Amino acid sequence: QVQLVESGGGLVQAGGSLRLSCTASGAKLSISRMGWYRQAPGKQREFVATITTGGTTNYAESVKGRFTISMGNAKNTVFLQMNSLKPDDTAVYYCNALVAAISRAYWGQGTQVTVSS
């Protein structure tokens, strides 16, 4: 069982920045990919960004050029640097980890990001 713990959410004004972190523990098999998803009130959870342990990144169009995903050297921590934040970025942000060997994805408990106008 993989446990994911997120941190770094908060309240920020439009145009500001936040950095989210997520650390995975308990994995007996290697994590293949980590990423971030978000869910705004009344909306479905949506993809934000992912990064593989090989360094390949993928971003939602809505965050390209503003958000940067990166992974720590131990390959069990993922960061999301969010710049030029907009009120539309307000959501609960969830960390995700994929163990490809067993086709299993794990989720963190979520961290709230609120961007005021």
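The residue numbers shown here count from 1 along each chain, following its written sequence. Local features are withheld for residues below a pLDDT of 70 in this predicted model, meaning they are given only at 70 or higher, and side-chain atom pairs are given and counted only at 80 or more; totals for whole chains, interfaces and linings count all residues. Heavy atoms from the whole structure form the basis of all side-chain values; hydrogens and water molecules are not counted.

### Considering the state of the cysteines
By definition, disulfides here are pairs of cysteine sulfur atoms that lie within 2.5 Å. For the structure shown, the criterion picks out one disulfide. Through a disulfide, Cys22 is tied to Cys95; the S-S separation comes to 2.0 Å. Torsion about the S-S bond of the Cys22 and Cys95 cystine: about -85°, corresponding to left-handed handedness. A residue pair is termed long-range when its members are at least 10 positions apart, and Cys22 in strand β3 (residues 18–25) and Cys95 in strand β9 (residues 91–99) qualify at 73 residues. A run of H or I in DSSP counts as a helix once it spans at least four residues, and a run of E counts as a strand once it spans at least two, with each numbered from the N terminus.

### Side note on the pattern of salt bridges
The working definition used for a salt bridge is a side-chain nitrogen of Lys or Arg within 4 Å of a carboxyl oxygen of Asp or Glu. A full pass over the atoms with the stated rule returns four salt bridges. A salt bridge links Glu46 to Arg38; the nearest nitrogen and oxygen atoms lie 2.7 Å apart. Accessibility here uses a 1.4 Å probe with only protein chains present; expressed as a share of the type maximum, an area under 20% marks a residue as buried, one over 50% as exposed, and anything in between as partly exposed. By relative accessible area, Glu46 is classed as partly exposed at 38%. A single salt-bridge network, built from bridges that share partners, covers Arg38, Glu46, Arg66 and Asp89.

### Observations concerning unusual backbone geometry
The phi torsion at Ser84 lies on the positive side, around 50°, for a residue other than glycine. Secondary-structure assignment places Ser84 in the loop between β8 (77–82) and β9. Of note in the backbone geometry, Ser103 takes a positive phi value of approximately 50° without being a glycine. Assignment of secondary structure puts Ser103 in the loop between β9 and β10 (104–107).

### A look at the pairing of strand β11 (residues 111–116)
Put simply, side chains in a regular strand alternate between the two faces of the sheet. Only one face of β11 is buried, namely the one carrying Thr111, Val113 and Val115, since none of Gln112, Thr114 and Ser116 on the opposite face is buried. Each pair of strands is called paired provided DSSP finds at least two bridges between the two strands. In this structure, strand β2 (residues 10–13) lies alongside β11, joined through four bridges in parallel fashion. Each residue of the ladder has a partner; that of Gln13, found in β11, is Ser116. As defined by bridge partners, β9 adjoins β11 across three bridges and the pair is classed as antiparallel. Within the sheet, the bridge partner assigned to Tyr93 lies in β11 and is Thr111.

### Topic: the sheet that holds β3
Spatially, β1-β3-β8-β7 is the arrangement adopted by the four strands of the open sheet, whose pairing is antiparallel. Each edge of the open sheet is held by one strand with a lone partner, namely β1 (3–7) and β7 (67–71). If you compare each strand with its neighbour and ignore which way they point, the axes differ by 15° on average. Judged from the five bridges that link them, β7 and β8 form a sheet pairing that is antiparallel. Within β8, the position partnered with Phe67 by the bridge is Met82. In this description, a line fitted to the C-alpha atoms serves as the axis of each element, helices being fitted only across the stretch in contact, and the angle between N-to-C directions of two axes falls anywhere from 0 to 180 degrees.

### Some details on the nonpolar core
What makes a nonpolar core is a set of buried Ala, Val, Leu, Ile, Met, Phe, Trp, Tyr and Cys residues whose side-chain atoms join them at distances within 4.5 Å. Counting 32 residues, the largest nonpolar core has Leu4, Met34, Trp36, Leu80, Met82 and Tyr93 as its most contacted members. Counting residues per element, this core draws most heavily on β9, at five residues.

### Regarding the packing of aromatic side chains
Aromatic ring pairs are defined here through the distance separating the ring centres and the angle between the ring planes. In summary, the pairing rule links any two rings of Phe, Tyr or Trp, Trp by its six-membered ring, whose centres are within 6.5 Å, and it sorts them by plane angle into stacked for under 30 degrees, edge-to-face for over 60 and tilted for everything else. Evaluation of the coordinates by the stated rule reveals two aromatic pairs. Consider the rings of Tyr37 and Phe47, whose centres lie 5.8 Å apart with planes at 70°: the pair is edge-to-face. On the criterion of sequence distance, the pair formed by Tyr37 in strand β4 (residues 33–39) and Phe47 in strand β5 (residues 46–52) is long-range, its members being ten residues apart. Seen from their ring centres, Tyr37 and Trp107 are 5.1 Å apart, and the 70° between their planes marks the pair as edge-to-face. Separated by 70 residues along the polypeptide, Tyr37 in strand β4 and Trp107 in strand β10 bring together distant segments of the chain. Through a chain of ring-to-ring contacts, the aromatic side chains of Tyr37, Phe47 and Trp107 assemble into a single cluster. Only when the NZ atom of a Lys or the CZ atom of an Arg is both within 6 Å of the ring centre and within 35 degrees of the ring normal do we say a charge sits over the ring. The positively charged end of Arg19 is found above the aromatic ring belonging to Phe79, 4.1 Å away from the centroid. Taking NZ or CZ as reference, Arg45 lies 4.6 Å from the ring centre of Trp107, over its face.

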